[in-house]
Amino acid sequence: MTRTCDFDLTALTAESRLAIVDGLLAIGVTVDLQPDGIAQISATGEAKMGEALGFAEAMRKTHRLVARRVLRETSAPSAQGCSDEDLAASEDLHFFADGLTGISGQLLKLFRYFEATFADLADDYAALDQHYPVMMPAKLLQEVGYTSNFPQHVTLCSHFPDQLPVLEQVAQMAKEPLSKARAAELGAVMEGPEHVLTPAVCLPCYSQHAGLRLARGEVRRLTMQNHVFRYEANRFQPLSRGWDFSVRDIVFFGSGAELTRLRAEVMERVFAFCETLGMQVSLELANDPFFVDSSRDKVVYQRMGEVKYELLFHISDRDAPLAASSFNLHRDFYTSTYDIAFADGTRAESACMGFGLERWLYAFVRQKGLDPSGWPDPVRRAVMAPQDPAD
């Protein structure tokens, strides 16, 4: 029997409400968030409803503890560029499935502008460029606790066994239209998944540097760009929330004091870049929206320890601002897991600066529009410059 219950989220910010709804969806219930902040939860059976209400209550208490803290915000006037409908109608966007969007034409040139901007920023910090596959062993996610905290985002990979009778069976089944029933049959003969599509660009670099020893005062600087895969249930939106999206990361290994200084410097440079473009943004203390296991106090720890800041773009017709970059101090979480230290045995720390490229693209056109005549001069010149025939 399906039960329905109203849950009051009116005292929370729009961003906190959406984070809790995400969590409820991840544990397998249906949620309809009303404009007034009431969440209508539907679940099958008393036990599932009890689980949902317990989770919602715990997260409501947590989000009440963590007040909004704004580090800086631009003085740019509120701007309304294109609408989501205008963007969806653009010939430069191509929709293949929920969460899977292609980009071409002028929007792709704009994407490349932001891509080059953050690659140049990494170069300014002499970060060594790394290239990783989009697939990684599932055990790596277990080593760092990703699967236990964020199982809702994980995309598993598998394949058919190298057995001729099975492959012949699959080949025959593939000649018929792919229905849910047929997909289930195909899934039943696949090998157990031992790999995942990476949910975070920087994750491979920590295991790659297992056992690293830094000289006194040294900061190891790395950068990488890759596709990232995070499943988002029914909340996919073109460019702003994808299953497959692109991220540039800059990772530092060093002392806590030096990483705190470097993070502040990077945030200042990125904020100044936004001011140059006349973007309406804020730098705010943040946390990962929710944890599925029992350690909800991690949310409070992240905020009280000021380990995560986000760059939020403010778009007038959205319920909550959009985070397009994050600036994270990991403390010794990854370095303890992978034994990364200074030569004298002192534990090193790590930090990661992340830039979601599709979100930067989305936020820019939502604030500045699709017409280049309304774009800031540096962007217009870069995007509209004639293409060198030799390229």
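Higher on the page you've got the structure.
Our subject in this report is the structure included herewith. (Residues numbered from 1 in each chain as written. Predicted model: local features only at pLDDT ≥ 70, side-chain atom pairs only at ≥ 80, totals over all residues. Heavy atoms only, no water.)

### A short note on the pairing of strand 5 (residues 93-97)
Two faces belong to every sheet, and in a regular strand the side chains alternate between them.
At step 1: Where strand 5 lies against strand 6 (residues 100-103), four bridges are found, and the strand directions are antiparallel. Residue pairing across strands places H94 opposite G102, the latter belonging to strand 6.
At step 2: With antiparallel pairing between neighbouring strands as the criterion, strand 5 and strand 6 make up a hairpin whose turn holds two residues, including G99 at a positive phi of roughly 80 degrees. (Pairing = 2+ DSSP bridges. Helix = DSSP H or I, 4+ residues; strand = E, 2+ residues; numbered from the N terminus.)

### Some thoughts on the side chain of E115
At step 1: Relative to the helices and strands, E115 resides in helix 4 (residues 105-124).
At step 2: Residue E115 is classed as buried on the basis of its relative accessible area of 17%.
At step 3: A polar side-chain atom of E115 sits 2.6 Å from a polar atom in the side chain of Q225.
At step 4: Every residue in contact with E115, bar those within four places of it in the chain, is listed here: Q225 and L357. (Buried < 20%, exposed > 50% of the residue type's maximum accessible area, 1.4 Å probe, protein only. Polar contact = N/O pair within 3.5 Å; in protein donor to acceptor, adjacent residues only side chain to side chain. Contact = heavy atoms within 4.5 Å.)

### A short note on the nonpolar core
At step 1: Core analysis: the biggest nonpolar cluster contains 53 residues, and F327, F355 and W360 have the highest contact counts within it.
At step 2: Broken down by element, the residue count for this core peaks at nine residues, all from helix 10 (residues 256-277).
At step 3: Judged by nonpolar contacts, the second largest core, of 31 residues, contains L140, L141, V144 and F245. (Core = buried A, V, L, I, M, F, W, Y, C linked by side-chain atoms within 4.5 Å.)

### Thoughts on the packing of helix 4 against helix 10
At step 1: Between helix 4 and helix 10, whose axes approach to 12 Å, the crossing angle comes to 145 degrees. In the packing of helix 4 onto helix 10, the handedness of the crossing is right-handed. Along its contact with helix 4, which presents Y113, F114, T117, F118, L121 and D124, the element helix 10 presents V266, R269, V270, F273 and L277.
At step 2: Residue composition of the contact of helix 4 with helix 10, grouped by class: eight nonpolar, one polar and two charged. (Axes fitted to C-alpha atoms, helices over the stretch in contact; angles between N-to-C directions. Left-handed = near helix turned anticlockwise from the far one by under 90°. Nonpolar A, V, L, I, M, F, W, Y, C, P; charged D, E, K, R; others polar.)

### Thoughts on the environment of S316
At step 1: Structurally, S316 is set in the loop between strand 15 (308-313) and strand 16 (322-331).
At step 2: Classification of S316 as partly exposed rests on a relative accessible area of 48%.
At step 3: Sequence-wise, S316 and A200 are 116 residues apart; in three dimensions their C-alpha atoms are separated by 29 Å.

### Some words on the sheet that holds strand 1 (residues 2-8)
At step 1: Taking strand neighbours across the sheet as the criterion, the three strands line up as 1-3-2 in an open arrangement whose pairing is antiparallel. Two strands in the sheet have a free side with no partner beyond their single neighbour: strand 1 and strand 2 (30-33). Taking each pair of neighbouring strands and ignoring which way they run, the sheet shows an average axis angle of 20 degrees.
At step 2: The pairing of strand 1 with strand 3 (residues 38-44) spans seven bridges and is classified as antiparallel. Bridge assignment links T2 to a residue of strand 3, and that residue is T44.

### Side note on unusual backbone geometry
At step 1: The phi torsion at L239 lies on the positive side, around 75 degrees, for a residue other than glycine.
At step 2: The backbone of R331 sits at a positive phi, close to 55 degrees, despite the residue not being glycine.
At step 3: Here R331 is to be found in strand 16.

### Some words on the sheet that holds strand 8 (residues 135-137)
At step 1: With antiparallel pairing, the three strands of this open sheet are ordered in space as 8-10-9. With partners counted over all chains shown, the strands left at the sheet margins are strand 8 and strand 9 (155-157), one partner each. When the angles between neighbouring strand axes are averaged without regard to direction, this sheet yields 40 degrees.
At step 2: Alignment of strand 9 against strand 10 (residues 195-197), held across three bridges, turns out to be antiparallel. Bridge pairing in strand 10 links L156 to V196.

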